[in-house]
Amino acid sequence: MVKYLLRRRAYFVAPEIPFDLMIEILTRLPAKSLMRFRCVSKLWSCLIRSRYFSNLYHTVSSSRPQPLGLYMSLNSVHWARHLKCDSMELCHNPGKSDLLSLRLSSSSSNSAESSLEIDLNFPGMEGHMMFVLRGLILYTICRKACIYNPATRQRLILPAVKSNIFAQQVPNKRVCNFFGHDPINDQYKILCIVVLNSKHRLTSEYWVFVVEPGGFWKRIEHDDDQPRFPTRQGPCINGVIYYLASSFTCQDKVYCFDVRFEEFRVIQVPSEVSKYAYSVGFIEHGGKPAIFDFTRIRETGVSELWVLEMNGGTWSRKSLVLKLCQKHLVDDVNIMNLRMHDTGQNNEVILALPNTCYLLYYDLIKNDLRKVDINRESPPDQRLNIYVKLMDKGENIMPLEI
């Protein structure tokens, strides 16, 4: 009997798993496992590397409950170096930069020091231009745009823009990179703005790079009444990149860059918004671009939220009044140094001060302010700058290739 069973088992062939079921199983695995499974066969490798599977994996992972999380860029620059080095020439004398992952178990957590982990370490990163989009991180090193995928640990450094401005032997040259996604053609594009501020005269160039094999920098034309330099990075919503830009004489304007058609549209900022860019944040609120003006939060506890409606560029206004029991959290804050970095989950804006060990989370719906401590020390001769971006809900396993 035993021999008969062994003989039948030798001829038994397990039924093949249907291809659609295999895809469903793979989308529920960790990204680290998928990177190893590319070696199973050519079929699995082509599937996992395909754009179809990458988008499906991002959608499925976005629907799973995940802890609150942030990406933090901590830039430590020695005071002596900083005083002698122009901010745009930091690549010639870089300090230490750490990209860290900060995860909280719940929105009610008051301390995050046990959840702080180093994700990437490299010199010369300009953390104030860090952009998170669909699980990918765009940052700038020595005027070059770089993309980092935390899920696959892959980093891509794009070639430098061959701008005529760089050839001029004058100071005050600035590069600003913005990250966008075209949902129609499923393309990722980088908008690069090169600005020259020379003798109270602004000159700017606009370049676009399509992140795909064979991609290259292409210069685009934009007619404006007066060149402006970007002051606040904004979100990318439904294929449109938003950012604030200003000039010496005019108030900020909202620039809307259509990623698909590579065209600009300009919208005037409400005159009531503060003209001091440092006390204004440009965020996404309710699926719409919005300006968060916290100029008077210390004196009066009142902030203004301006939401850009999608019906031709009109603005809606909402006044936010901070609770009296939480006013002490901003009483000792220097508004000149306070920066708004991103919109967290549950409609919370993230505020931070340089060289501090905590973040402020301000709930725009409940008018609730809370403090999150971060245990991160720096030597006394160094300055610590904290730049924060919200983690995407979903992971992106798209291979980075050009």
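Position numbers for residues start from 1 in each chain and track the written sequence from start to end. Per-residue local features of the predicted model are confined to residues with pLDDT of at least 70, and side-chain atom pairs are confined, for both listing and counting, to 80 or more; whole-chain, interface and lining totals are unaffected and use all residues. Side-chain metrics rest on all non-hydrogen atoms present in the structure, leaving aside hydrogens and water.

Looking up the protein chain in an unreviewed UniProt entry gives the name F-box protein At5g62660 isoform X1, with the organism given as Raphanus sativus.

Peer 1: So what exactly am I meant to see when it comes to the overall build of the protein chain here?
Peer 2: Regarding its fold elements, the protein chain presents seven helices and 24 strands. Within the span of the protein chain, comprising 402 residues, buried residues form 52% of the whole. Note on contacts: a residue pair is in contact if any heavy atoms of the two residues lie within 4.5 Å. A separation of at least 24 residues holds for 54% of the contacts in the protein chain among residues at least 6 apart in sequence. Using a 1.4 Å probe, the Shrake-Rupley method yields the accessible areas, and only the shown protein chains count as cover for residues. Within the structure as shown, the protein chain displays about 20200 Å² of accessible surface, and the carbon and sulfur contribution to it stands at 53%. Starting at the N terminus, helices and strands are each numbered in turn, a helix being any DSSP run of H or I of at least four residues and a strand any DSSP run of E of at least two. Using a 1.4 Å probe on the protein chains alone, a residue whose accessible area is under 20% of its type maximum counts as buried, one over 50% counts as exposed, and one in between counts as partly exposed.

Peer 1: Explanation requested: the nonpolar core in the structure shown.
Peer 2: Proteins that are soluble and globular tend to have nonpolar side chains buried together. Among the nonpolar cores identified, the biggest contains 42 residues, and Ile147, Phe179, Ile190, Leu191, Trp217 and Tyr243 are the most heavily contacted of them. Sort the elements by how many residues they give to this core and strand β9 (residues 187-198) lands first, with eight residues. Among buried residues, the Ala, Val, Leu, Ile, Met, Phe, Trp, Tyr and Cys ones that are joined through side-chain atoms within 4.5 Å form a nonpolar core.

Peer 1: Honestly, the side chain of His58 in this entry has me stumped. Any pointers?
Peer 2: Considering the arrangement of structural elements, one finds His58 in helix α5 (residues 51-63). Every residue in contact with His58, bar those within four places of it in the chain, is listed here: Arg134, Gly135, Gly394, Glu395 and Asn396.

Peer 1: Sorry, what's going on with the pattern of salt bridges here?
Peer 2: Side-chain pairing between opposite charges can occur once the charged atoms of the two side chains come close. What counts as a salt bridge is simple: a side-chain nitrogen of Lys or Arg found within 4 Å of a carboxyl oxygen of Asp or Glu. A full pass over the atoms with the stated rule returns 12 salt bridges. In this structure, Lys288 and Glu309 form a salt bridge, with 2.5 Å as the shortest nitrogen-oxygen distance. You can see Lys288 sitting in strand β17 (residues 288-293) and its partner Glu309 sitting in the loop between β18 (302-308) and β19 (315-321), a full 21 residues away along the chain. Note that Arg370 and Glu348 form a salt bridge whose closest N and O atoms lie 3.1 Å from each other. Taken together, the positions of Arg370 in strand β23 (residues 368-373) and Glu348 in strand β21 (residues 348-352) put the pair 22 residues apart, joining distant regions of the chain. On the basis of relative accessible area, Glu348 is assigned to the buried category, the value being 5%. The structure contains a network of salt bridges with shared partners spanning Lys189, Lys218 and Glu262.

Peer 1: Got a minute to help me understand the sheet that holds strand β11 (residues 217-220) in this structure?
Peer 2: Where strands meet in a sheet, backbone hydrogen bonds hold them as pairs that are either parallel or antiparallel. Pairing in this open sheet of four strands is antiparallel, and the strands run β8-β9-β10-β11 from one edge to the other. Sheet topology places β8 (173-182) and β11 at the edges, where each strand pairs with a single neighbour. Within this sheet the neighbouring strands show an average axis-to-axis angle of 25°, counted without direction. Paired strands, as defined in this entry, are two strands with at least two bridges between them according to DSSP. Bridging between β9 and strand β10 (residues 201-210) involves 10 bridges; their strand directions are antiparallel. Note on definitions: angles span 0 to 180 degrees between N-to-C directions of axes, and those axes are lines fitted to C-alpha atoms, for helices only across the stretch in contact.

Peer 1: Can you walk me through helix α4 (residues 42-49) in this structure?
Peer 2: Three- or four-residue spacings in an α-helix give side chains the same orientation, since the helix completes a turn every 3.6 residues. Burial in α4 covers these residues: Ser45, Leu47 and Ile48. Down the axis of α4, the buried set is contained in an arc of 165°. They therefore lie on one face. Turned more than 90 degrees off the buried face of α4, the exposed positions are Lys42 and Cys46. If you follow the buried residues of α4, they end up packed against α2 (19-26), α3 (31-37) and α5. Think of the arc as the fan of directions from the helix axis to the C-beta atoms.

Peer 1: Any chance you could explain the environment of Phe53 here in plain terms?
Peer 2: Tracing the sequence through the fold places Phe53 in helix α5. For Phe53, a relative accessible area of 0% puts it in the buried group. Sequence separation of Phe53 and Ile397 is 344 residues, and the distance between their C-alpha atoms is 8.7 Å. Among all residues touching Phe53, those that are not within four sequence positions of it are Ile23, Leu26, Thr27, Leu34, Leu47, Ile48 and Ile397.

Peer 1: Even after reading the chapter, I still don't get the packing of α2 against α4, so can you show me in this structure?
Peer 2: Each packed pair of helices is defined by two parameters, the angle between the axes and the distance between the axes. Contact geometry for α2 and α4: axes closest at 12 Å, N-to-C directions at 60°. Between α2 and α4, the angle is such that the two are oblique. You can see that α2 and α4 cross each other, and the crossing is right-handed. Contacts between α2 and α4 involve Phe19, Met22, Ile23 and Leu26 on the former and, on the latter, Leu43, Trp44 and Leu47. When residue character is reported, Ala, Val, Leu, Ile, Met, Phe, Trp, Tyr, Cys and Pro are called nonpolar, Asp, Glu, Lys and Arg charged, and the others, Gly included, polar. Tallied by class, residues from the contact of α2 with α4 come to seven nonpolar, no polar and no charged. Roughly parallel here means an angle under 35 degrees, roughly antiparallel means over 145, roughly perpendicular means 65 to 115, and every remaining angle is called oblique. Less than a right angle of anticlockwise turn of the near helix away from the far helix marks a crossing as left-handed, whereas a clockwise turn marks it as right-handed.

Peer 1: Would you mind showing me how to read α5 here?
Peer 2: Expected span of a helix: the number of residues minus one, times 1.5 Å. Helix length check: α5, at 13 residues, gives a terminal C-alpha distance of 19 Å against a target of 18 Å (1.5 Å per residue), a fit within 8%. Listed as buried for α5 are Phe53, Ser54, Tyr57, His58, Val60 and Ser61. Tucked inside the fold, the buried residues of α5 contact α2, α3 and α4.

Peer 1: Hey, could you run me through the packing of aromatic side chains in this one?
Peer 2: Each aromatic ring pair is summarised here by two numbers: the centre-to-centre distance and the angle between the ring planes. Each Phe, Tyr or Trp ring (for Trp, its six-membered ring) is paired with any other whose centre lies within 6.5 Å, and the angle between the two planes then decides the class: stacked below 30 degrees, edge-to-face above 60, tilted in between. According to the stated counting rule, one finds 11 aromatic pairs in the structure shown. On the numbers, 5.4 Å between centres and 20° between planes, the contact of Tyr243 with Tyr255 is stacked. Pair noted here: Tyr243 is in strand β13 (residues 240-246) and Tyr255 is in strand β14 (residues 253-258), with a separation of 12 residues, a long-range link. A relative accessible area of 1% places Tyr243 in the buried class. For Tyr255, a relative accessible area of 1% gives the class buried. Over the ring of Tyr361 we find Arg370, and its NZ or CZ is 4.4 Å from the ring centre. Criterion for a charge above a ring: Arg CZ or Lys NZ at most 6 Å from the ring centre, at most 35 degrees from the ring normal.

Peer 1: I tried to follow the sheet that holds β17 on my own but got confused; where do I start?
Peer 2: Overall, antiparallel pairing links the four strands, which are arranged β16-β17-β18-β19 in an open sheet. Strands at the two margins of the open sheet, each flanked by one partner only, are β16 (280-285) and β19. Sheet twist, expressed as the mean angle between neighbouring strand axes with direction ignored, is 25°. Two elements, β18 and β19, share seven bridges in a ladder whose sense is antiparallel. For Leu305, the partnering residue across the bridge sits in β19 and is Lys318.

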